[in-house]
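Notes for the structure review
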Amino acid sequence: MQKVKLPVEVEPFRAAKRRLDYQGIVPAGQMPRLAQATLAVNKDAEASIRFEIDPQGLTVMTGEATTEVELECQRCGEPFVLALHVEFQYAPVNDHQSMDELPQAYEPLELNENGEFYLRQVLEDEFLLALPLIAMHPLAECKVQQQVRTFGEMPTQEESMQPNPFAILQSLKKEN
């Protein structure tokens, strides 16, 4: 299959009536927010998107996308590569009232004044949400040694058995 660029703007209601499927790429250079949140975006994003009308009569956009980013491990500070894979289901809405009426399976997709949305922006949002909160290598691959991973020592049982600071209150209670 030939890799083609995905359209910039899509009118979802028309696309669903025509049951359009898009398979293509978003160039890595066209995802500036993802590039800013990572060390680098290593691959163009490959996406497969389908527009259809579900049994309830709602216009739905479903799809999946993959890309590869480079992150900095928060344990050892070394860069590592992370493959991102996202799956999504959106239902376009025109106002906030219809957002509340959507089934939970669909995320609302707000449209601009022309009844369109920016497809690349939606894909970039999905990738940003898929980034880990704390980027780290798997333990087996991290360069930080096991001894360095521990912070301090656990006190022995005798050390942890300190006198109760409220014991004096107990003796006051007995006096009354």
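What comes next concerns the included structure. (Residues numbered from 1 in each chain as written. Predicted model: local features only at pLDDT ≥ 70, side-chain atom pairs only at ≥ 80, totals over all residues. Heavy atoms only, no water.)

Digging into the pairing of strand β6 (residues 79-93)
- With 12 bridges connecting them, strand β5 (residues 59-72) and β6 associate as antiparallel partners. Note that in β6 the partner of M61 across the bridge is Y90.
- A loop of six residues connects β5 with β6, the two strands running antiparallel in sequence, and G77 in this loop sits at a positive phi of about 80 degrees.
- As judged from the four bridges shared by β6 and strand β7 (residues 107-110), these two strands associate in the parallel manner. Bridge pairing in β7 links Y90 to E107. (Pairing = 2+ DSSP bridges. Helix = DSSP H or I, 4+ residues; strand = E, 2+ residues; numbered from the N terminus.)

Side note on the pattern of salt bridges
- Scanning the model with the defined rule gives three salt bridges in all.
- A salt bridge links R33 to E124, with the nearest nitrogen and oxygen atoms 3.3 Å apart. Here E124 lies in helix α4 (residues 119-130) and R33 lies in helix α2 (residues 32-37), a separation of 91 residues in the sequence.
- Looking at R33, the relative accessible area reads 33%, which means it is partly exposed.
- The shortest N-O distance in the salt bridge between R33 and D125 comes to 2.7 Å. Note that R33 is positioned in helix α2 and D125 in helix α4, a separation of 92 residues in sequence.
- Connected via shared salt-bridge partners are R33, E124 and D125. (Salt bridge = Lys/Arg side-chain N within 4 Å of Asp/Glu carboxyl O. Buried < 20%, exposed > 50% of the residue type's maximum accessible area, 1.4 Å probe, protein only.)

A closer look at the side chain of E116
- Residue placement: E116 occurs in the loop between β7 and β8 (117-118).
- The side chain of E116 is buried and forms no salt bridge, while R14, the nearest opposite charge, is found at 5.9 Å.
- With near-sequence residues (within four places) excluded, E116 lies in contact with E9, V10, E11, P12 and L111. (Lys, Arg positive; Asp, Glu negative; His and termini not counted. Contact = heavy atoms within 4.5 Å.)

Notes on the packing of aromatic side chains
- This structure, assessed with the given rule, holds three aromatic pairs.
- Ring centres 6.4 Å apart and planes at 45 degrees place the aromatic pair F51 and F117 in the tilted group. One end of the pair, F51, is in strand β4 (residues 45-53); the other, F117, is in strand β8, and 66 residues separate them in sequence.
- When its relative accessible area of 1% is taken as the criterion, F51 is described as buried.
- Consider the rings of F88 and Y90, whose centres lie 5.9 Å apart with planes at 50 degrees: the pair is tilted.
- The exposure class of F88 is buried, given its relative accessible area of 6%.
- Here the aromatic residues Y22, F51 and F117 are joined through ring pairs into a cluster of three or more. (Phe/Tyr/Trp six-rings, centres within 6.5 Å; stacked < 30°, edge-to-face > 60°.)

Digging into α4
- With 12 residues, α4 should cover 16 Å at 1.5 Å per step; its first-to-last C-alpha distance of 17 Å lies within 8% of that length.
- By the burial criterion, the buried members of α4 are L119, R120, V122, L123, E124, E126 and F127. (Expected span 1.5 Å × (residues − 1).)

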